[in-house]
Amino acid sequence: MNYVPCVLTALLLLPQPLAADEAAMNQALAVWQGRLAEYHAALERAETPEAKAAVEPPSAAEPAQAIWNSISGSTGSRQLQLKGKNGPELRTVHSYEFQQAWAAPAVNWLLAHPSEFAAILGTGKQAAATARAVRESVADRHYSHPSAAELCPVLAAGTSVDEYGILEKIYTRNRDSNARACAALGMSLMLNNPMITGAAGSEAMARGKRLYYLKQALLLAKPDTPFGDRSLFDMANEQTYRLRRLSVGCVPPQLKLSDAQGQEVTLPEAGKHTLLFFWSPQEALGSSLVSKLAELPQRYPELNIVAIAPSAADEAALAALQQTAGSTPCYTDDADGTAGRDYRINILPTAVLLAPNSTILYNGYPDIRLQSALENAFPARSEDNTKGRIEMTPAAQQQAPQGEAPTPADEEPPALRDMPEF
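What counts and how
- Residues numbered from 1 in each chain as written.
- Predicted model: local features only at pLDDT ≥ 70, side-chain atom pairs only at ≥ 80, totals over all residues.
- Heavy atoms only, no water.
- Helix = DSSP H or I, 4+ residues; strand = E, 2+ residues; numbered from the N terminus.
- Buried < 20%, exposed > 50% of the residue type's maximum accessible area, 1.4 Å probe, protein only.
- Contact = heavy atoms within 4.5 Å.
- Areas by Shrake-Rupley, 256 points an atom, 1.4 Å probe, with all protein chains shown as cover.
- Salt bridge = Lys/Arg side-chain N within 4 Å of Asp/Glu carboxyl O.
- Core = buried A, V, L, I, M, F, W, Y, C linked by side-chain atoms within 4.5 Å.
- pLDDT = per-residue confidence, 0-100.
- Axes fitted to C-alpha atoms, helices over the stretch in contact; angles between N-to-C directions.
- Parallel < 35°, antiparallel > 145°, perpendicular 65-115°, else oblique.
- Left-handed = near helix turned anticlockwise from the far one by under 90°.
- Arc of directions from axis to C-beta.
- Disulfide = S-S within 2.5 Å.
- Phe/Tyr/Trp six-rings, centres within 6.5 Å; stacked < 30°, edge-to-face > 60°.
- Pairing = 2+ DSSP bridges.

Observations regarding the overall build of the protein
Alright, step 1. In terms of helices and strands, the protein carries 18 helices and 13 strands.
Alright, step 2. The burial tally for the protein puts 45% of its 422 residues in the buried class.
Alright, step 3. Considering only contacts in the protein between residues 6 or more positions apart, those separated by 24 or more positions represent 70%.
Alright, step 4. Summed over its atoms, the accessible surface of the protein is roughly 21000 Å², and 52% of this surface lies on carbon and sulfur atoms.

Put into structure tokens, the structure is as follows:
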């Protein structure tokens, strides 16, 4: 671990808990498990969807405080080798209970409930230093405990190579099959992120890893293995859908959209390159780019460009969308957000470049990688001139306004230990 002086100073200021030992930790975790059991029993008793929706899930705030109190005490000091100006040097640092092997279930539970843990720590340098030290304890030691399975969905939702690295440690060095299954699925999901894909090598290598880890998750998991608030097999089914329908080289779902006159159209059209551009007037970047899309045909006259916005409430809203899009044909999704759901649009803007045979050439954020995909699709049009070139630089990505998280694909989930076909 690489503690800098500010981290050490902050940890010295940690408040001492009233009860801090393994027995207190086990008791606090048992209280939480009891509340979870009551919640699931209430769901079982509820006979209608409305009754199930009315069942309140247990709050993790109070158990979180008790769990943190049980592992946050100081245990003394230890020698730590750090990088100094003149090379490695030994420094005496304080040690804490959350760094002990027995504290793994509590550490993994707290990091699996990030909002409750953040509320306990508060804000400021001390809180940030404490959170960092707890995370480092997972990377250093707690990855090998079976409770690491609970942490995998949170890691998989991240975007950093450090989080991917912890999942890799869990998969390769944890002896618990469920923990390894969750880590494998987590790595497969993270490899959907371009930031992680780049570290994995080429797109072909990344897709191979996505498929490999997905299969490993199905092989290792027990039938009732959870992954966050869903089952691992539901999440594996979702990943199967993405690999079958939304990856480079696949044929994506057909779209039924409405044009500015309210007429329904079916896209994409076979026989020509098509750029699907999902955007919303509610976010600035997509709105600024959509009007510039009209410049692309100057460089790629064979390219069919389709701007897709969320459902418009009335004709005036449709007209406003088309005005923003300029000469680029603008279409809208239906009221249920079917196109956004089928294409798993979670971030706006999103661009999907399709070949004349309707296979995906690019699917993701409209940055320099999209420009490269366009130049590869039209090599004769991509010589030194810059006419029609749109500068697509990375910017803060915004959540799509469709609202709900993607639902599992409308397919039967893979049977236990059956390999999905790709």
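After that view, the rundown keeps rolling.
A word on the pattern of salt bridges
Alright, step 1. For the coordinates displayed, the defined rule picks out seven salt bridges.
Alright, step 2. For Glu-136, the salt bridge is made with Arg-132, and the minimal N-O distance between the two is 3.1 Å. Here Glu-136 pairs with Arg-132, and both are found in helix α7 (residues 125-140), just four residues apart, close to one helical turn.
Alright, step 3. On the basis of relative accessibility, which here comes to 16%, the residue Glu-136 falls in the buried class.
Alright, step 4. Across the salt bridge formed by Arg-242 and Glu-238, the nearest N and O atoms sit 3.3 Å from each other.

Focus on the nonpolar core
Alright, step 1. In this structure, Ile-71, Ile-170, Phe-227 and Leu-232 are the most contacted members of the largest nonpolar core, which totals 59 residues.
Alright, step 2. Sort the elements by how many residues they give to this core and helix α10 (residues 177-190) lands first, with nine residues.
Alright, step 3. With residues up to four places along the chain from it excluded, the contact list for Ile-71 reads Met-25, Glu-97, Phe-98, Trp-102, Ala-103, Ala-106, Val-107 and Leu-110.
Alright, step 4. Counting 23 residues, the second-largest nonpolar core is a separate cluster that includes Tyr-300, Ala-309, Ala-325 and Phe-378.

What about the confidence of the model for the protein?
Alright, step 1. Averaged over every residue, the pLDDT of the protein is 82; residues scoring 70 or more account for 82%.
Alright, step 2. Below a pLDDT of 50 lies the segment residues 393-397, which in the model reaches seven contacts outside its immediate sequence neighbourhood of four places, other chains included.
Alright, step 3. Every residue in residues 401-422 scores below 50 in pLDDT, and together they form 57 contacts with partners more than four places removed in sequence or on other chains.

A word on the environment of Gly-165
Alright, step 1. Mapped onto the fold, Gly-165 is located in helix α9 (residues 161-173).
Alright, step 2. Placed 26 residues apart in sequence, Gly-165 and Ala-139 show a C-alpha to C-alpha distance of 8.4 Å.

Description of the packing of helix α2 (residues 22-45) against helix α4 (residues 61-71)
Alright, step 1. Closest axis-to-axis distance for the α2/α4 pair is 8 Å, and the angle between their directions is 165°. The angle between α2 and α4 falls in the class roughly antiparallel. For the pair α2 and α4, the crossing hand works out as left-handed. Within the contact between the two elements, α2 uses Ala-24, Met-25, Ala-28, Leu-29, Trp-32 and Arg-35 and α4 uses Glu-62, Pro-63, Ala-66, Ile-67, Ser-70 and Ile-71.

Section: helix α18 (residues 368-377)
Alright, step 1. Restricting attention to buried positions, one finds in α18 the residues Leu-370, Gln-371, Ala-373, Leu-374 and Ala-377. Looking straight down α18, one finds its buried side chains confined to an arc of 160°; they lie on one side.

Considering the state of the cysteines
Every disulfide links exactly two cysteines, by a covalent bond between their sulfur atoms.
Alright, step 1. This structure, assessed with the given rule, holds zero disulfides.
Alright, step 2. You can see Cys-182 has no disulfide; the closest cysteine sulfur is in Cys-152, sitting 5.3 Å from it.

Looking at the packing of aromatic side chains
Each aromatic ring pair is specified by the distance between its two centres and by the angle formed by the two planes.
Alright, step 1. One pass over the structure, following the stated rule, counts eight aromatic pairs.
Alright, step 2. Ring geometry for Trp-68 against Phe-98: centres 5.9 Å apart, planes inclined by 25°, an arrangement best described as stacked. Of this pair, Trp-68 sits in helix α4 while Phe-98 sits in the loop between β2 (87-96) and α5 (104-112), placing them 30 residues apart in sequence.
Alright, step 3. For Phe-98, a relative accessible area of 0% puts it in the buried group.
Alright, step 4. Pairing Trp-68 with Phe-117 gives two aromatic rings, centres 5.3 Å apart and planes at 65°, and the pair type is edge-to-face. Here the residue Trp-68 occupies a position in helix α4, and Phe-117 occupies one in helix α6 (residues 114-121), the gap between them amounting to 49 residues.
Alright, step 5. The buried category is assigned to Trp-68, whose relative accessible area is 5%.
Alright, step 6. Three or more aromatic residues link up through ring pairs in this structure, and these residues are Trp-68, Tyr-96, Phe-98 and Phe-117.

Observations concerning the pairing of strand β5 (residues 255-258)
Alright, step 1. Side-chain alternation along β5 places Leu-255 and Leu-257 on a buried face and Lys-256 and Ser-258 on a face that remains uncovered.
Alright, step 2. Bridging between β5 and strand β6 (residues 264-267) involves four bridges; their strand directions are antiparallel. When the sheet's bridge partners are listed, Leu-257 is paired in β6 with Val-265.

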